[in-house]
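An overview of the molecular structure
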Amino acid sequence: MDTIKNYLETLFLELPKTEAVEKAKADLLANMEDHYFSLIDEGKSEHEAIGAVISEFGSVDELRQTLEIEEEPEADFFEDEDELTLPIDEEEMLTFLAGRKQIALGLSLGIMFTILAVAAMILFSEVGEALGMSIFFIFVSIGVGLIIYYGMQFQKIDDPLNDRMISRNLVKKAQALKGEYTKSFTIGLILGICSCILSVVPIFVFSYAENFGAALLMAMISIGVFLICYSSIYYTGFDKFVESRFFVGDEDKLGPNARKEKYGNNAEKKYVIEKMYWPVIVVTYFIWSFVFDAWHISWVLLVAGGILWSGIEAVIKKV
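Residues numbered from 1 in each chain as written. Predicted model: local features only at pLDDT ≥ 70, side-chain atom pairs only at ≥ 80, totals over all residues. Heavy atoms only, no water.

Notes on helix 5 (residues 90-124)
- The end-to-end C-alpha distance of helix 5, which contains 35 residues, comes to 49 Å, matching closely the 51 Å that a straight helix rising 1.5 Å per residue would cover.
- The largest bend in helix 5 comes to about 25 degrees, at Leu-116.
- At the N-terminal end of helix 5, a side-chain oxygen is found 3.2 Å from the backbone nitrogen of Glu-91, two or three residues along, and the residue is Asp-89. (Helix = DSSP H or I, 4+ residues; strand = E, 2+ residues; numbered from the N terminus. Expected span 1.5 Å × (residues − 1). Bend = angle between axes of the 7 residues up to and from the residue. Polar contact = N/O pair within 3.5 Å; in protein donor to acceptor, adjacent residues only side chain to side chain.)

Okay, structure coming up:
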């Protein structure tokens, strides 16, 4: 079912986000789901049913004709508060993705070094405990340094693009690049997971040398984690250009354009509520805890606050 939903979302990215289009999308999704389940009831496999539903759906051009939507030329710029900002171009996207790839490599190496520190400590402690601890701290220092440095680079590559429009052509290009990398991402993920799972094997193979087996276990885990992190961090970079009409540098701090795109006419209302909501929750939590000595139960307020906020966001989006 997720395949059908994702396919529909991809097609509707090229259409204007009007109330009529959103209603049409919801209706089409319901019809496609009904057709999917009817094919399943007829004995079709999941893949056969999905293929049949998608093949019968039609193209974006047919969808435009059905909804009577004319092709709208995209503006060369849009208004972002008090300044005119150009949409993101392909060169900027490729520069961002190249930077994202470097960050993925740096962060993954940093995490790898922090795990290898344990392997090195175990291995070299047989020569001398002081040597083992020294190498441990050297590896940890390198790993933490890499994590801090490359973690700070996220904002550096996000800021020039933040809250700028992503054209339909750029979305298509990003989708194509994501599709090309999907195979590498899948292989990296599989190899990483397998490396972590198989890391227990050296413990049994080298049972006569427990320290060596334990060191090899940690080394294999570090390789697995490296592959998983590197593949995932780079892969999610494509989603920045695929899942939204405006670039979002930080999901927790949407720019005015991205906020309006997500919440429509309720964008400013949501912004005001968000600024007031959590300070009120936190203040109420401390007052309740200190004044009534209710530390044993007051934590529930924070949990309930998080759940309630999800509901408020959902309501704001729908209104």
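Some remarks on helix 7 (residues 168-197)
- Here helix 7 spans 41 Å end to end across 30 residues, near enough to the 44 Å set by a 1.5 Å rise per residue.
- For helix 7, the principal kink sits at Tyr-181 and spans about 40 degrees.
- Within the sequence span of helix 7, burial applies to Arg-168, Leu-170, Val-171, Ala-174, Leu-177, Lys-178, Tyr-181, Phe-185, Gly-188, Gly-192 and Ser-195. (Buried < 20%, exposed > 50% of the residue type's maximum accessible area, 1.4 Å probe, protein only.)

Description of the nonpolar core
- Among the nonpolar cores identified, the biggest contains 32 residues, and Leu-97 and Phe-241 are the most heavily contacted of them.
- Of all the secondary-structure elements, those providing two or more residues to this core are helix 5, helix 7 and helix 9 (210-242).
- For Leu-97, the residues in contact, after removing those within four places along its chain, are Leu-177, Tyr-234, Gly-237, Phe-238 and Phe-241. (Core = buried A, V, L, I, M, F, W, Y, C linked by side-chain atoms within 4.5 Å. Contact = heavy atoms within 4.5 Å.)

Focus: the packing of aromatic side chains
- According to the stated counting rule, one finds 14 aromatic pairs in the structure shown.
- On the numbers, 5.2 Å between centres and 75 degrees between planes, the contact of Phe-136 with Phe-137 is edge-to-face.
- A relative accessible area of 19% places Phe-136 in the buried class.
- Site record: aromatic cluster; members linked through ring pairs are Tyr-181, Phe-185, Tyr-234, Tyr-235 and Phe-238. (Phe/Tyr/Trp six-rings, centres within 6.5 Å; stacked < 30°, edge-to-face > 60°.)

Concerning the environment of Ala-214
- In this structure, Ala-214 sits in helix 9.
- Classification of Ala-214 by relative accessible area gives partly exposed; the value is 22%.
- Not counting residues within four places of it along the chain, the set of residues in contact with Ala-214 comprises Ile-122 and Ile-203.

Considering the pattern of salt bridges
- The tally for this structure, following the rule as stated, stands at three salt bridges.
- For the salt bridge of Glu-92 with Arg-164, the shortest nitrogen-to-oxygen distance reads 2.9 Å. With Glu-92 in helix 5 and Arg-164 in the loop between helix 6 (129-158) and helix 7, the pair connects residues that are 72 residues apart, well separated along the chain.
- Residue Glu-92 is classed as partly exposed on the basis of its relative accessible area of 25%.
- Between Lys-178 and Asp-239 there is a salt bridge, with its nearest N and O atoms 2.5 Å apart. A residue pair is termed long-range when its members are at least 10 positions apart, and Lys-178 in helix 7 and Asp-239 in helix 9 qualify at 61 residues.
- A residue is classified by how much of its surface remains accessible, and Lys-178, at 18% relative accessible area, is buried. (Salt bridge = Lys/Arg side-chain N within 4 Å of Asp/Glu carboxyl O.)

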